[in-house]
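# A structural walkthrough
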Amino acid sequence: MRSAAVGASLLGVGVLAVLTGVLSLDEVGGVADRVWPVLLFVVMITVVTELASEAGLFTVVASRLTRWGLDRAWVLWLLVVALATTSTVFLSLDTTAVLLTPVVVLLSRQVGLPPLPFALTTVWLANTGSLLLPVSNLTNLLAEGRLDLGSPVDFARLMLGPAVAAVVVPSLVLFFVFRRDLLRRYQPREVAHPDDPVLLAASATVVVLLLPALVSGVEVWIPATVAAVVLAGLFAVRRRSVLRFRLVPWELVLLASGLFLVIEAGHALGLTGLLASVAGTGESTVALLQLSGVGTLGANLVNNLPAYLALEPVAESPLRLAALLIGVNAGALLTPWASLATLLWHARLEALDVSISWTRYALLGLLVVPPTVVTAVLLLSAG
């Protein structure tokens, strides 16, 4: 509800900008044309992942990991790293932060392992692991249109080096920090049995078919919408009570819409020129590090989405846009508000009685953000 209130306030500012002539209706229409496919995808992929979660898909997958972990905590943790990375890359960072976090926390408790290393794995990789594909993060979807690379495969080709660094470096830091907890053995648990095997099988099939469709080059809102409609139809027949308005992330849509308008108004008032003076120019390694650093700072001061929107006009080439994405995505680990996924993650932890202070979270972030961002930018520049 806080997000909805902030979004409504921002929309009010946007309306005021139109009424005062700061923004024209044509400019508002241009923003709407750009963002409606992005927001529609966000809505539909959220519906898909929520329904798949209700069917027990994530719980079954995670419980099977305990069998494949060979009774060793570090092997189980590596499997969670792989699952969190895959979930983030194909189903977005919010899916990992919101839906996977409770699953891995409960999984770790059931096998007698401390939940914090697994919980931090999901939130760190939800943010840092969201570089490889356009669908991984809302910022990537916005950048894809400006990059004009032709397909998600071309996007992945540009971001491959940074994306690998943004998974490997945080994972190494996590292992080092929690090595005592991870160099242990555990007792495997029984695989969970879903209440409705038909819904589970259907959800698994839809998700498996959806993953390649998201990188096929078709506008991503189309396969996401088809998948959401199919799953909603199945649930309407077999478990109608699940189909509620809460499945739709309307707070996020309201917040994002308001941010788009306010940042557009800011650019109309000269924000671009101001940011250009601190973000630098050019594609040298130093210039890319400078832009990525400004993006990191902006994400942690305000939030990664407005930071990206504000800096997008000064990232005027594919390399500079990629450096900006590294900063606002992989660098958003220092403050709780740096990404919406982090706030949602923390709310899930509190509901599960897992505690971590924001001070400790920020200190751990200081360990991981500099090496992750710098390594990713260096690989981007070398590529």
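Above: the structure in question.
What you see is a predicted model, and the numbers here were worked out from it, not measured in a lab. (Residues numbered from 1 in each chain as written. Predicted model: local features only at pLDDT ≥ 70, side-chain atom pairs only at ≥ 80, totals over all residues. Heavy atoms only, no water.)

### Thoughts on helix α2 (residues 25–54)
Let me state the cut-off plainly: Each helix is a run of H or I in the DSSP string that is no shorter than four residues. Each strand is a run of E no shorter than two, and both are numbered from the N terminus. A helix is expected to span 1.5 Å for every residue after the first. Two axes are fitted around each residue, one to the seven residues ending there and one to the seven starting there, and the angle between them is reported as the bend at that residue.
Taking 1.5 Å of rise per residue, 30 residues should cover 44 Å, and α2 covers 42 Å from first to last C-alpha, within 8% of that figure. A maximum bend of about 40° is found in α2 at valine 35, where proline proline 37 lies one to four positions downstream. Just beyond α2, the residue with positive phi is glycine 56, at close to 95°.

### Considerations on a nonpolar patch on the surface
Which entries qualify depends on this criterion: To count toward a patch, a residue needs a relative accessible area above 30% and no salt bridge. Like charges then connect within 9 Å, nonpolar side chains (Val, Leu, Ile, Met, Phe, Trp, Tyr) within 5 Å. Only the protein chains shown count as cover for residues, and the accessible areas themselves come from Shrake-Rupley with a 1.4 Å probe. By salt bridge we mean one thing: a side-chain nitrogen of Lys or Arg within 4 Å of a carboxyl oxygen of Asp or Glu. A simple rule labels every residue: compare its accessible area, found with a 1.4 Å probe on the protein chains alone, to the largest value its type can have, and call it buried under 20%, exposed over 50%, or partly exposed in between.
On the surface, Leu160, Val164, Val168 and Leu172 cluster together into a nonpolar patch covering about 360 Å² of accessible area. Among the residues examined, leucine 160 registers a relative accessible area of 47% and is labelled partly exposed.

### What to know about unusual backbone geometry
Even without a glycine there, the phi angle at leucine 70 is positive, about 55°. With respect to the helices and strands, leucine 70 occurs in the loop between α3 (57–68) and α4 (73–91). Taking the relative accessible area as the measure of exposure, leucine 70 reaches 54% and is therefore exposed. Phi is positive for aspartate 71, which is not a glycine, with a value near 65°. Looking at where aspartate 71 falls in the secondary structure, it is placed in the loop between α3 and α4. On the basis of relative accessible area, aspartate 71 is assigned to the partly exposed category, the value being 26%.

### Quick word on α4
Residues spaced three or four apart along an α-helix point in a common direction, a consequence of the helix completing one turn every 3.6 residues. Between the first and last C-alpha of α4 there are 26 Å, a value that for 19 residues agrees with the 27 Å anticipated at 1.5 Å per step. Of the residues flanking the end of α4, it is serine 92, one or two places downstream, whose phi is positive at about 90°.

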